[in-house]
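Overview (structure and organization)
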Amino acid sequence: MEKVTLTVKGMNCEHCVSKVETALQNQNGVAKVKVNLKKGIAKVKYDETLQTIDRLISEVKAAGYEAEAVK
């Protein structure tokens, strides 16, 4: 399992957090998601053989938010 932290821009309420968490959790290979509204981040634990960081970012964008991986 791999872990990645994504910065997520555009979240401003718990509904936003829920949308981002749902978008990420519904992806194949994602084991755990924790979104922090105050910090504007999403921590994702995923199986690197089934999922990529680029696909995770694409799903956050599809939910209506900007995202990028923290280096």
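Please refer to the structure higher up on the page.
Residues numbered from 1 in each chain as written. Predicted model: local features only at pLDDT ≥ 70, side-chain atom pairs only at ≥ 80, totals over all residues. Heavy atoms only, no water.

Quick look at the overall build of the protein chain now. A tally of regular secondary structure across the protein chain gives two helices and four strands. Structurally, the protein chain occupies a C-alpha span of about 30 × 25 × 15 Å along its principal axes. Burial statistics for the protein chain: of 71 residues in total, 38% are counted as buried. Contacts spanning at least 24 positions in sequence make up 60% of the contacts within the protein chain whose residues lie at least 6 apart. Carbon and sulfur atoms provide 46% of the accessible area of the protein chain, an area that totals close to 4500 Å². (Helix = DSSP H or I, 4+ residues; strand = E, 2+ residues; numbered from the N terminus. Buried < 20%, exposed > 50% of the residue type's maximum accessible area, 1.4 Å probe, protein only. Contact = heavy atoms within 4.5 Å. Areas by Shrake-Rupley, 256 points an atom, 1.4 Å probe, with all protein chains shown as cover.)

In the sheet, strand β1 (residues 2–9) pairs with strand β3 (residues 41–46) via six bridges, with the strands oriented antiparallel. Bridge pairing links T5 to K43 in β3. Examined bridge by bridge, β1 and strand β4 (residues 66–69) share four bridges and lie antiparallel to one another. Counted as the bridge partner of T7 is E68 from β4. (Pairing = 2+ DSSP bridges.)

Okay, the environment of K71 next. Assignment of secondary structure puts K71 in the segment after β4. In this structure the C-alpha to C-alpha distance between K71 and M1, which are 70 residues apart in sequence, comes to 18 Å.

In this section: the nonpolar core. Judged by nonpolar contacts, the single largest core of 22 residues is most densely connected at L6 and V44. When residues in this core are grouped by element, the largest group, five residues, is from helix α1 (residues 14–25). (Core = buried A, V, L, I, M, F, W, Y, C linked by side-chain atoms within 4.5 Å.)

Here we come to the sheet that holds β3. Strand order in this open sheet of four strands is β2-β3-β1-β4, and the pairing throughout is antiparallel. One side of each edge strand has no neighbouring strand; the edge strands of this open sheet are β2 (30–36) and β4. Strand-to-strand, the axes of this sheet are offset by a mean angle of 25°, without reference to chain direction. Contacts from α1 reach β1, β2 and β3 within the one sheet, and its direction differs from that of β2 by about 165°. (Axes fitted to C-alpha atoms, helices over the stretch in contact; angles between N-to-C directions.)

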